Amino acid sequence: MAKSKAQPARIDSSKIDGKRFLRFYRQMLKIRLFEEQVNQLYLSAKMPGLAHLYIGQEAVAVGVCEALRPDDYITSTHRGHGHCLAKGASVERMFAELLGKVDGYCRGKGGSMHIADQERGNLGANAIVGGSTGIATGAAMSAKMRGSDQVAVCFFGEGALGQGLLYECMNTASLWKLPVIYLCENNLYNEYTHYSETTAGEIQARPEAFGIPTESIDGQDVELVYRTARRLVERARKGEGPSFFICHTYRFHGHHVGDIDRSYYRAKKEEEQWKGGRDPLKLLAVKLKHLKVADEKLLSEMEKETRREIEKGVEFALNAPYPDTSEVDQHVYA
Amino acid sequence: MAKSKAQPARIDSSKIDGKRFLRFYRQMLKIRLFEEQVNQLYLSAKMPGLAHLYIGQEAVAVGVCEALRPDDYITSTHRGHGHCLAKGASVERMFAELLGKVDGYCRGKGGSMHIADQERGNLGANAIVGGSTGIATGAAMSAKMRGSDQVAVCFFGEGALGQGLLYECMNTASLWKLPVIYLCENNLYNEYTHYSETTAGEIQARPEAFGIPTESIDGQDVELVYRTARRLVERARKGEGPSFFICHTYRFHGHHVGDIDRSYYRAKKEEEQWKGGRDPLKLLAVKLKHLKVADEKLLSEMEKETRREIEKGVEFALNAPYPDTSEVDQHVYA
Amino acid sequence: MKAPAQQSTAVREITFGQAINEALAEEMRRDPKVFILGEDVAEAGTPFKVLSGLVKEFGKERVVDSPISEAAITGLCVGAAMTGMRPVVDIMFGDFVTLTMDQMVNQAAKIHYMSGGKLKVPMVMRTTLGATRRSAAQHSQSLHAWFSHIPGLKVAMPSTPYDAKGLLKTAIRDDNPVIFFEDKMMYQLKGQVPEGEYTIPFGLADIKRAGSDITIVATSSMVQVSLAAAETLEGLGISAEIVDVRTTVPLDKKTLIESARKTSRAIVVDEGYERYGVTAEIASVIAEGAFYYLDAPVKRIAAMDVPVPFSPVLEDQTVPTPQSVVEMAKTLCGKV
Amino acid sequence: MKAPAQQSTAVREITFGQAINEALAEEMRRDPKVFILGEDVAEAGTPFKVLSGLVKEFGKERVVDSPISEAAITGLCVGAAMTGMRPVVDIMFGDFVTLTMDQMVNQAAKIHYMSGGKLKVPMVMRTTLGATRRSAAQHSQSLHAWFSHIPGLKVAMPSTPYDAKGLLKTAIRDDNPVIFFEDKMMYQLKGQVPEGEYTIPFGLADIKRAGSDITIVATSSMVQVSLAAAETLEGLGISAEIVDVRTTVPLDKKTLIESARKTSRAIVVDEGYERYGVTAEIASVIAEGAFYYLDAPVKRIAAMDVPVPFSPVLEDQTVPTPQSVVEMAKTLCGKV
Ligand SMILES: Cc1ncc(C[n+]2csc(CCOP(=O)(O)OP(=O)(O)O)c2C)c(N)n1
Ligand SMILES: Cc1ncc(C[n+]2csc(CCOP(=O)(O)OP(=O)(O)O)c2C)c(N)n1
Ligand SMILES: [Mg+2]
Ligand SMILES: [Mg+2]
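Visitor: What exactly am I supposed to notice about the overall build of chain A here?
Guide: A tally of helices and strands in chain A yields eleven helices and seven strands. Relative to the globule expectation of 20 Å for 334 residues, the C-alpha radius of gyration of chain A, 19 Å, shows essentially globular dimensions. Considering only C-alpha atoms, chain A reaches an extent of 55 × 55 × 40 Å along its principal axes. Scored against the burial criterion, the 334 residues of chain A give a buried share of 63%. Of all intrachain contacts in chain A linking residues separated by at least 6 positions in sequence, the fraction that spans at least 24 positions is 74%. Of the charged side chains in chain A, 45 are positive and 44 negative; the average position of the first set lies 4 Å away from that of the second.

What follows is the structure, given as structure tokens:
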């Protein structure tokens, strides 16, 4: 069992080619701009309800999903747009879902917290904290039973460490060597409470107690996330069982779009420090230039393109029709 | 944090006086004979329903409860008669409860799996595996809030390690330094399944991951159980927080009184080995004689006395009246 | 009794428990995607011995012993069902469904709808109900009303070995989450069951006995209680029609209402707690649908609204009995 | 409106949320045993801001922020209640009660009975219900029917700021586990509330508006919906009596039945799912109790039996509205 308590992930010297790095950037940028647009939709009162922005955490979703095959499974959370896009979802259909339109991934029935995209192995976001740990573990069990070599990644925030279901699932996954990766994005906060007030002991000791190898790394470094994910995915695919993967990260915005006054639970200065020196997108841009994979011009072209994609997506969604009212009692039963 | 992974418990050289040893013996004997009588009641079809016998595990309940004050709390399980007696319950009222009589601890409403004895701090047995972990932790929280220095002991079998609630509770107890001791009696079986088939990793690593100091000892040695319990109780009483206490033990009988053919899940030979060399009562008798606290004569006198107490108890219960049928809808609401 | 969808010829007398076992075995043979997950389901064949022998035929990979983790095993089945399997999760006592409600209700029941019809969850939860086993308050409940309340779930409640086999096979083939309630006191009940393949469609009530004076609608073992009552009533000159709903969801309102319209009197019998229970829904469906035909209010007989007591003298009072059904029917028919 | 048990003089207009806050503050001042446990209840004062300021007055020892562990915090409150405290557990969205069912139903509800009356569990679970907040299927449910089904639990469903304060104070003083449902869409609703001490007894329905043509029995915010409907109906010459049950357990059957006997027509309105929901029990109580007085079947209006959809055009269809109540009342009164 490969324990790695708090040590940096093992260095993986295999080369990552330039194209892959550019993909990282494009995908992370897409999430960033998508989420900024979501915030705009909220501020302009065009979006029903609320949404939980993924801005600041982009390297996690992208680093992990780039290490997956299209037919691998993921499950996601209330803060799920990033995972969904990283697994390959279309911007148009996502915006349409957020606006409750029939062209959305769920025909407008799911909304921000329930986007599922079966063709790309996305088994759905989940508005119950920890609620998808059973689903991801079950998908892994199913993959094993069917003899496919699919892997399941279960994304959750550190708040889900409070849910007993996670421990029940880790126990079974470890016993039965299921190909599941528990991916804990520790962004420091459970809603409006610092995780240190809700989390006793050491996080990584928890999965390790169930015999599950655990990695704990900087989640702002997409390359490190990707390399680590690749190793864990490989492991799972080979039938060596589950792993637990902690990415240390930060959400730059509020818990949800309406969470504007945050000073009572976290300092402005802390936010500025993360946004300044720990922005995964900026860090990657520096690296791309350093590696000479991209120059300023290429980056700004990518940004322009992505912005167009996002604008086109919103446009599409704004113009899309609502579901017919007769759909209300369709899809209750299959 | 005092970790003690798999090491023998710290040696406690403080003297235990002879009287205390004799009490251990008397209490353990009482449980043994009580349970044998319960089996008889079942075999002679005098007891409604089933019961889960504690025979073989007596040193755990007695060692722990002897380290408690009368106002300290315990919660118990489906295999709860031993805990209840060790905490001071009367044989008469227990038998009466098992027979569904009005003089029972619960007026016949609870039965074997729900005996509670408020005056002695027994908050009740529980027929939901792991179901009382919240109650015990809450009692500890209450003690802390009320500024009493009471301690709560939560008894459960190793099967309860499968219940997520336990992990949620350990997390809060550790965070808030609650005076609760999680007492895991590992008797090797969850019903008809060996615990190694249901339990991944190392048991003691689980509480330790939540920052909870853990002891793991031979549960057949009542002195060792007592000494360890005293230390953990002391710790809790002083406000130093929760602990986890694993006692390795064995149930000599079936999962319940009707579980006669056990060969498909455990070997006769294993049973014989435990009954022969690891019977807590026999082990204590040897020690008593070795320490010259008792001789054969005293032991057999104690046995005779205890037998009388048990017989008197059954007699009482058999003659006791059933509750009046009008009680059926009383006590639904306080 | 209505003819089953598909009939086979050889009929033997087997127990309710054997019928369940047979349905599972047949479905597991037919479809390699079907598997069983639960506590002590393999060698032990559950504490009720209902699954005896299955592990021998299908192996430990398809009859899987689990840790004591009701929430997780339910969740695992949801995930497995979403990804191509057809799991049957075994929840030993119906009282333990309390631990699975989030997975069943917030997940399994809603996934098809929330995904706009793309994902589906073809799973079965088998669990038990029923009191008088002297098992006290945490091992005797009948909590089917909760599941019946939740859109997206289906709920089956067989009353005979024949129905048990046919309904369970339908449950396993259904593309939705189905909760299948077995009265633990019925496992030894014997009845005629065809050897081979047949299924019973959901949403079809079954008139277990025709009658003209009063309609008695019942679920699960309360159908047996009502049939016993009907015998007695016949001796008193009251002809009772016994309608078995078989599935509370979907509910065959038409058959219930027609029967009540015909007899002009109705009693609903169920072993869940009475208050806000299954009898309330069925009684109000009948009261509305047969309003202009009823000669008396629809009456409900259910478990007493108390936690199930241990003491036999108390417990026996809490459940409907043939006698209580007879008394109520006599009153309604003006024969007191 | 019936006079409250104890009346104080100064009356102001405050919101439903403020009334809840005030009740908690008054009870915490009165009784040091009362404390609050929940997620983000302290500085954040919950996402609905209902508890704002309480931590300032009572400190973090009595307004306790917890991990995201609904089962554990409920269990802790059960244990604390059994040992001398009077906890109030905060379950943010009513959908999350799925995680607490074992602790509430197998433990809290049964402990008093199982112990033969010796132990008791004086705790309150405050949680929310109600849709149309565009929060989709896992944040919009109204699951009060489940708790109402379980003997040993009481269930309060206030419909106004005045009732919220008075009923919550009663809940906290009750020696039993009480589930207190607050419609999250009502937190901003304003109403007259006395400044000081008063309580409202459980099990007493309140006639929120007297009428003679039809009885409309409602719960929680559906009382407001029904009052709005009554305004419209008045314009149509239909005089509706609005009966607020206030507590589904205990249920004031007498008041409901009397009203229905008087008007001879009844509608029951509730925001839970319709099937096997609260409207079924109340309708069948009325159908039975007023059988010989009713001119039409008792009708039910509840949430549509679908998981709550996100899209506003769909969601708005799933809940009862003043318009749907008006239409039903017109039909029943023969004014279509
Ligand atoms: C079971 C459950 N309890 C409470 C909530 C309310 N809630 C939504 S998000 C959240 C905090 C989650 O924190 P974390 O898991 O760290 O995810 P993050 O928001 O930081 O991405 C809470 C308490 C919920 N959705 N589900
Ligand atoms: C939540 C729950 N699931 C299942 C059961 C059925 N059951 C009763 S005892 C038991 C095994 C318990 O094993 P363990 O905790 O080791 O206690 P032991 O019987 O060995 O004392 C099981 C599965 C139950 N009572 N509660
Ligand atoms: Mg977080
Ligand atoms: Mg055990």
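Visitor: When you look at the site of ligand 2 in this model, what are you seeing that I'm missing?
Guide: Around ligand 2, a shell composed of 22 residues is seen, among which His78, Arg79, Ala127 and Asn187 of chain B together with Glu70 of chain C lie nearest. Backbone polar atom of Ala127 of chain B to a nitrogen atom of ligand 2: 2.8 Å apart, as the coordinates give it. One nitrogen or oxygen atom from the main chain of Tyr189 of chain B is found 3.0 Å from an oxygen atom belonging to ligand 2. Taken by itself ligand 2 offers 580 Å² of open surface, and the protein chains cover 97% of this. Of the residues contributing to the shell around ligand 2, the split by class is nine nonpolar, eight polar and five charged.

Visitor: What is the right way to read the site of ligand 1 from this model?
Guide: Taken together, the neighbourhood of ligand 1 is formed by 22 residues, with His78, Arg79, Ala127 and Asn187 of chain A together with Glu70 of chain D sitting nearest. With respect to ligand 1, the chains having nearby residues are chains A and D. His78 of chain A places a side-chain nitrogen or oxygen 2.7 Å from an oxygen atom of ligand 1. In isolation ligand 1 has 580 Å² of accessible area, and contact with the protein removes 97% of it.

Visitor: Would you mind showing me how to read the sheet that holds strand S11 (residues 240–244) of chain D here?
Guide: Two strands in a sheet stick together by hydrogen bonds in their backbones, pointing the same way (parallel) or opposite ways (antiparallel). Residue and element names in this part refer to chain D. Here we have five strands laid out as an open sheet, ordered S9-S11-S10-S13-S14, and mixed in their pairing. Of all the strands in the sheet, the pair left with one neighbour each is strand S9 (206–209) and strand S14 (299–303). Neighbour-to-neighbour, the strand axes of the sheet open up by a mean angle of 25°, direction not taken into account. Alignment of strand S13 (residues 266–273) against S14, held across four bridges, turns out to be parallel. Bridge pairing in S14 links Tyr273 to Ala303. Most of the contacts of helix H7 (residues 221–235) go to S11, to which it runs at about 170°, and overall it touches S9, strand S10 (214–218), S11 and S13.

Cut-offs applied
- Residues numbered from 1 in each chain as written.
- Chains lettered and ligands numbered in written order.
- Predicted model: local features only at pLDDT ≥ 70, side-chain atom pairs only at ≥ 80, totals over all residues.
- Heavy atoms only, no water.
- Helix = DSSP H or I, 4+ residues; strand = E, 2+ residues; numbered from the N terminus.
- Rg over C-alpha atoms; globule rule 2.2 N^0.38 Å.
- Buried < 20%, exposed > 50% of the residue type's maximum accessible area, 1.4 Å probe, protein only.
- Contact = heavy atoms within 4.5 Å.
- Lys, Arg positive; Asp, Glu negative; His and termini not counted.
- Charge placed at Lys NZ, Arg CZ, Asp CG, Glu CD.
- Near = heavy atom within 4 Å.
- Polar contact = N/O pair within 3.5 Å; in protein donor to acceptor, adjacent residues only side chain to side chain.
- Areas by Shrake-Rupley, 256 points an atom, 1.4 Å probe, with all protein chains shown as cover.
- Nonpolar A, V, L, I, M, F, W, Y, C, P; charged D, E, K, R; others polar.
- Pairing = 2+ DSSP bridges.
- Axes fitted to C-alpha atoms, helices over the stretch in contact; angles between N-to-C directions.

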